[in-house]
2 protein chains.
Amino acid sequence: MRIPIDRESQLPLYKQIANFLISEIQSGELLPATKLPSTREMALELGINRITVSSSYAELEAKGYIYTRLGSGTYVASPIEDHRSRNKEAQSKTSWPLWQQRLLAQSVLPTELERDRIGISTSIKDDVISFAGGQGAVELFPADDFRKSLYTVLLRDKTEALEYGDYAGYAPLRATITHILASQGIHAQPGNILITTGSQQAFALVAGLLLHPGDVILVESPTYATAIDLFSSLGAQLVGVPVDEYGMQVDLVEDLLRTVHPKMIYTIPSFQNPTGVSLSGGRRRQLVALAEHYNVPILEDEFVGDLRYEGRSQPALKGLDPGGYVIYTGTFSKMLMPGLRVGYLLACGPVYERLLARKRITDLATSNLIQRALEAYITVGRYEAHLHRARRTYRLRRDSMVAELKNHMPDGTKWITPQGGLFIWVQLPEGVIVNKLYPEALKEKVDFAPGSLFYPAEKSFNHIRLNFAMHNPERMAEGISRLGVAIRRCMRLK
Amino acid sequence: MRIPIDRESQLPLYKQIANFLISEIQSGELLPATKLPSTREMALELGINRITVSSSYAELEAKGYIYTRLGSGTYVASPIEDHRSRNKEAQSKTSWPLWQQRLLAQSVLPTELERDRIGISTSIKDDVISFAGGQGAVELFPADDFRKSLYTVLLRDKTEALEYGDYAGYAPLRATITHILASQGIHAQPGNILITTGSQQAFALVAGLLLHPGDVILVESPTYATAIDLFSSLGAQLVGVPVDEYGMQVDLVEDLLRTVHPKMIYTIPSFQNPTGVSLSGGRRRQLVALAEHYNVPILEDEFVGDLRYEGRSQPALKGLDPGGYVIYTGTFSKMLMPGLRVGYLLACGPVYERLLARKRITDLATSNLIQRALEAYITVGRYEAHLHRARRTYRLRRDSMVAELKNHMPDGTKWITPQGGLFIWVQLPEGVIVNKLYPEALKEKVDFAPGSLFYPAEKSFNHIRLNFAMHNPERMAEGISRLGVAIRRCMRLK
């Protein structure tokens with residue numbers, strides 16, 4: 001078997017091999033039950049490392065294209081469609097235990113349901129330009145520096161880095177976080193910081209502690225999709241507060257506090273997900289005052305607060321906290337790298353110890369090794385330098401996207417240019433419905449996040465969320481041009 | 001300031017410096033408000049890397065011994081006792097929001113409460129020989145190989161290793177896990193594996209899905225302490241099934257299934273925590289048959305199933321599963337390194353998708369980088385080799401501990417020699433109560449896990465759990481000798 005490999009490609013070798021084999025299997029060049037060369041043979045033939053071949057085979061196996069018989073070898077599986085239909089059949093209602101059948105009747109998470117309805121697939125093909133993601137530019141990930149930090153830390157701390165570590169998180173990293181927060185005007189003690197497995201876990205800990213089935217939670221409408229699923233899974237009732245260009249419409253909050261008695265307010269005050277807008281200074285003060293007056297905790301999600309490209313920075317709600325009302329959450333996923341899964345929360349008062357206890361029963365602790373490497377990587381100076389670089393790149397990309405939107409969008413398309421963050425929230429021309437647009441866009445090989453995913457209750461179907469940080473200007477121009485074609489086609493289909 | 005450092009010591013340099021400064025501060029040699037040298041100055045003076053000094057300072061700051069004024073320098077803080085009393089005062093009931101004050105009234109987790117009662121401190125001093133931990137021997141952690149795997153993976157996959165990755169876990173790692181399971185007689189598809197942040201998260205996902213407030217769960221009595229806290233936190237009612245030398249007394253289970261209608265059975269069938277005993281083959285079959293007949297899911301915790309030193313291996317409950325009744329959990333924490341925080345569960349049927357959805361809202365995914373490094377590290381062959389090494393070392397250590405117990409324990413002390421795992425469960429001589437023994441043991445500078453932590457309901461106070469894997473024979477002999485002294489003193493105190 002001759003497998004073409006390209007050592008200069010961005011695509012890792014193991015993936016090139018896996019992709020080639022998949023196309024051979026799908027086209028029928030490789031028939032079911034064909035025995036593949038051993039990893040050793042193929043490594044020799046291609047002049048590459050055996051571990052690379054193993055990785056390819058593992059990927060193919062996980063995807064169901066091949067299977068391994070221990071002591072015999074690796075074989076091409078029957079076509080994947082067969083596998084799926086066999087699975088479907090096996091999952092028919094009657095073959096599983098009764099307690100499992102009952103699970104089928106349980107409510108599905110709202111945004112999962114919406115994803116299903118729209119037909120969102122998690123495996124977007126390589127030739128699709130996707131604006132759907134929630135992360136920053138991969139080329140800015142400090143992979144090399146981080147690799148060195150990992151190496152240094154394992155040499156320095158040896159096996160200590162591989163033990164369980166402190167439930168609350170690695171103490172020096174907590175100290176570093178207080179320094180980063182101090183540079184943003186938040187004064188915190190390391191003893192009030194709790195390291196979490198991404199900020200998603202911080203939300204889960206706080207909501208798990210403070211929300212009970214039937215409780216009301218106020219959220220922005222629209223808001224972060226996975227937070228909607230989290231709060232819903234706890235049986236909470238989500239009440240949306242509309243968002244305008246100055247963020248959550250806080251003047252509507254007091255009435256809600258009086259009438260629906262929420263147990264918590266969840267807000268993304270800076271460069272909000274998905275709208276990109278920021279809560280004004282006045283509204284920030286007003287919201288914190290309301291929380292104090294009505295005795296309601298605020299969960300502050302500062303996922304990209306650092307990524308401001310222009311305009312005056314606003315104080316964090318935590319910075320305005322009169323004492324114990326605001327639980328602040330931050331993350332290294334957006335600024336550095338999502339694959340680390342390190343976030344944190346800052347909480348004062350008795351709530352901290354209870355969140356710590358929940359952290360322990362949830363997953364004992366976040367990876368000690370990753371925390372130590374992160375601590376070795378982030379000096380305040382390095383963080384500032386990385387932030388500076390990220391801001392410069394993302395500001396240019398935001399400007400490119402706005403320019404391309406002006407070029408390619410039909411009349412009637414609207415958006416507010418955000419002052420920071422990762423997202424532009426685009427309102428489609430009248431009559432273009434996001435669920436109709438989605439399949440058309442995929443035909444054009446462009447992808448986005450449908451706006452209907454982000455609504456806690458009554459959905460709106462005429463917005464989409466675009467991530468402007470992920471692609472360079474050329475790819476962005478191509479993607480937005482494709483999107484324009486899809487929208488125009490949708491308008492004609494009406 | 002002359003700081004003595006020892007480059008040959010096992011203790012990392014940054015910790016040596018931190019420890020020295022703590023002793024200087026505690027003894028009053030360094031007075032509050034004294035300015036410390038800058039990290040640059042101290043690094044130059046000691047001829048070490050600046051990052052090492054920064055790590056020391058960060059640790060001291062996290063512990064409250066020093067504080068940093070941005071742009072000014074680092075200073076010795078007021079004595080730590082002052083800090084604590086200030087904190088206590090600040091946490092007085094009246095100064096926090098009402099919603100926080102209400103939290104104070106909420107029930108505390110049962111084993112947390114028991115820890116408080118016994119006075120267990122999480123910061124055990126260096127000169128204490130501790131048999132309390134739940135992990136393997138640090139000197140067996142494959143730190144060097146893992147460092148190389150991390151390095152290789154970051155060179156190979158580059159930024160791809162730092163993206164979010166698949167919610168279910170890195171596909172090639174899931175495939176590898178199915179191969180490891182196959183070698184243990186469990187046939188699994190990668191599509192039924194869900195990677196979790198340690199097996200603790202697997203328990204949290206399963207219990208969160210299947211248990212509701214008021215539901216009964218059957219557990220072994222005694223059982224894993226943090227599982228008790230987890231199930232209790234969900235409002236479940238724990239019913240204990242006593243354990244004898246053949247594991248859970250399964251003949252008592254049918255009556256309980258009929259009378260208390262449990263929604264789940266949680267069991268640690270192999271080298272149980274804390275007793276070290278294993279469920280016999282007959283009881284395994286009986287338990288699975290009961291689960292099928294009474295339509296109850298089994299959560300199987302196989303935390304050290306691989307670590308068998310003698311005797312015939314028993315099939316996993318999952319291997320006996322007639323279809324979808326058993327949810328199996330495994331972990332790399334014990335066999336490899338706890339600091340990775342990588343475990344997994346194996347579930348078939350509709351329950352899998354629902355666990356996956358909960359994983360997503362809990363923390364999105366487990367660190368992609370760590371998963372890829374683990375996958376690169378664990379070939380089946382390497383895993384077997386590591387397992388072989390671990391088994392040899394731990395068998396010898398178990399034998400040493402048994403020998404030392406025979407040497408040093410007073411008459412009336414009893415234990416069952418376990419055939420594998422990490423723990424020996426020791427029954428104290430009549431009249432010696434674990435809560436009385438604990439402070440005596442700490443005086444002798446030896447530590448253990450008090451048995452009362454492990455009981456779901458009615459506690460027993462005459463057992464302790466000893467970890468035999470963590471210390472070499474010399475240190476083990478010294479530790480058990482100290483324990484013998486403490487027990488005898490306790491007997492005289494009666």
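Because the structure is predicted, anything quoted here is derived from the model rather than measured.

Participant: For this particular structure, what's the right way to read the interface of chain A and chain B?
Facilitator: Quoted interface sizes are often the accessible area lost when the parts come together. The partner chain B presents 82 residues to the 82 residues of chain A that form the contact. For the side of chain A that touches chain B, the per-class residue count stands at 42 nonpolar, 23 polar and 17 charged.

Participant: Would you mind showing me how to read the relation of the copies chain A and chain B here?
Facilitator: Look at the two chain copies: a rotation about an axis and a shift along it is all it takes to match them. Note on the identical chains: chain A maps onto chain B by a rotation of 180° and an axial translation of 0.0 Å, with an RMSD of 0.1 Å. Given the turn and translation reported, the copies of this chain are related as if by a two-fold rotation axis. Counting the interface residues of chain A, we find that 99% of their copies in chain B are interface residues as well, pointing to one common contact surface.

Participant: So what exactly am I meant to see when it comes to the pairing of strand β8 (residues 264–267) of chain B here?
Facilitator: Every other side chain in a regular strand lies on the same face of the sheet, so the side chains alternate between the two faces. Residues and elements named next belong to chain B. On β8, burial covers both faces: M264 and Y266 on one face and I265 and T267 on the other are all buried. The pairing of strand β5 (residues 216–221) with β8 spans three bridges and is parallel. When the sheet's bridge partners are listed, I217 is paired in β8 with M264. Sheet topology note: the β8/strand β9 (residues 298–301) ladder contains three bridges and is parallel. Paired with T267 across the two strands is E300, which belongs to β9.

Participant: Would you mind showing me how to read the sheet that holds strand β12 (residues 414–415) of chain B here?
Facilitator: Adjacent strands of a sheet pair through backbone hydrogen bonds, lying either parallel or antiparallel. All names here are of chain B. Taken together, the four strands give an open sheet; going across it, the order is β12-β13-β16-β15, and neighbouring strands pair in antiparallel fashion. Of all the strands in the sheet, the pair left with one neighbour each is β12 and β15 (449–450). Strand direction decides the pairing type here: β12 and strand β13 (residues 423–427), joined by two bridges, are antiparallel. Paired with K414 across the bridge in β13 is Q427.

Participant: Is there a simple way to explain helix α8 (residues 171–182) of chain A in this structure?
Facilitator: One full turn of an α-helix is made of 3.6 residues, so residues set three or four places apart face in the same direction. All names here are of chain A. With twelve residues, α8 extends 17 Å between its outermost C-alpha atoms, agreeing within 8% with the 16 Å of an ideal straight helix rising 1.5 Å per residue. With ten of its twelve residues buried, α8 lies for the most part within the structure. Of all the positions in α8, only A171, P172, L173, R174, A175, T176, I177, T178, I180 and L181 are classed as buried.

Participant: It is not clear to me how the nonpolar core should be interpreted in this structure. Could you clarify?
Facilitator: In globular proteins that are soluble, nonpolar side chains generally tend to be buried together. Within the largest apolar cluster, 281 residues are counted, with the highest numbers of intra-cluster contacts made by V206(A), L345(A), V206(B) and L345(B). A total of eight residues in this core trace back to one element, the largest contributor, which is helix α9 (residues 198–210) of chain B. Residues contacting L345(B), with those up to four places away along its chain left out, are L194(B), T196(B), A202(B), V206(B), I327(B), Y328(B), T329(B) and L355(B).

Participant: In this structure, what is going on with helix α6 (residues 110–118) of chain A? I would like to understand it.
Facilitator: Along α6(A), the positions that sit buried rather than exposed are P110(A), T111(A), E112(A) and E114(A). Buried residues along α6(A) sit in contact with α10 (225–233) of chain A together with α14 (350–363) of chain B.

Participant: Quick question: what am I supposed to make of the packing of helix α2 (residues 39–46) of chain A against helix α3 (residues 50–62) of chain A here?
Facilitator: Between two packed helices, the angle of one axis relative to the other and the distance separating the axes together describe the packing. Residue and element names in this part refer to chain A. At a minimum axis separation of 8 Å, α2 and α3 run at an interaxial angle of 120°. It follows that α2 is oblique to α3 by the angle criterion. Handedness of the α2/α3 crossing: right-handed. Where α2 approaches α3, its residues T39, R40, M42 and A43 are matched on the opposing element by R50, V53, S54 and Y57. Looking at side-chain class alone, the contact of α2 with α3 contains four nonpolar, two polar and two charged residues.

Participant: Hey, could you run me through the sheet that holds strand β4 (residues 193–196) of chain A in this one?
Facilitator: Residues and elements named next belong to chain A. Reading across from one edge, β4-β11-β10-β9-β8-β5-β6-β7 is the order of the eight strands in this open sheet, with mixed pairing throughout. Every other strand in the sheet has two partners, leaving β4 and β7 (247–248) as the edge strands with one partner each. In the packing of α10 onto the sheet, the strands contacted are β5 (216–221), β6 (237–244) and β8 (264–267), and the crossing angle to β6 comes to about 155°.

Participant: Would you mind showing me how to read the pairing of strand β6 (residues 237–244) of chain B here?
Facilitator: Residues and elements named next belong to chain B. Here six bridges tie β5 to β6, and the two strands are oriented parallel to one another. Each bridged residue has a counterpart across the sheet, and for I217 the counterpart in β6 is L238. Handedness of the β5-helix α10 (residues 225–233)-β6 crossover: right-handed. In terms of strand pairing, β6 meets strand β7 (residues 247–248) through two bridges, oriented antiparallel. Paired with D244 across the strands is G247, a residue of β7. With antiparallel pairing between neighbouring strands as the criterion, β6 and β7 make up a hairpin whose turn holds two residues.

Participant: Teacher, can you tell me more about the domain arrangement of chain A here?
Facilitator: Domain annotation of chain A identifies domain 1 (13–80), domain 2 (112–140 + 384–493) and domain 3 (143–380). Summarising the inter-unit geometry, the C-alpha centres of domain 1 of chain A and domain 2 of chain A are found 36 Å apart.

About the criteria used
- Residues numbered from 1 in each chain as written.
- Chains lettered and ligands numbered in written order.
- Predicted model: local features only at pLDDT ≥ 70, side-chain atom pairs only at ≥ 80, totals over all residues.
- Contact = placed C-beta atoms within 7 Å.
- Nonpolar A, V, L, I, M, F, W, Y, C, P; charged D, E, K, R; others polar.
- Least-squares fit on C-alpha atoms with pLDDT ≥ 70 in both.
- Buried ≥ 20, exposed ≤ 12 C-beta atoms within 10 Å, placed from the backbone.
- Helix = DSSP H or I, 4+ residues; strand = E, 2+ residues; numbered from the N terminus.
- Pairing = 2+ DSSP bridges.
- Expected span 1.5 Å × (residues − 1).
- Core = buried A, V, L, I, M, F, W, Y, C linked by C-beta atoms within 7 Å.
- Axes fitted to C-alpha atoms, helices over the stretch in contact; angles between N-to-C directions.
- Parallel < 35°, antiparallel > 145°, perpendicular 65-115°, else oblique.
- Left-handed = near helix turned anticlockwise from the far one by under 90°.
- Right-handed = clockwise from strand over helix to strand, strands pointing away.
- Domains from an automatic or database assignment.

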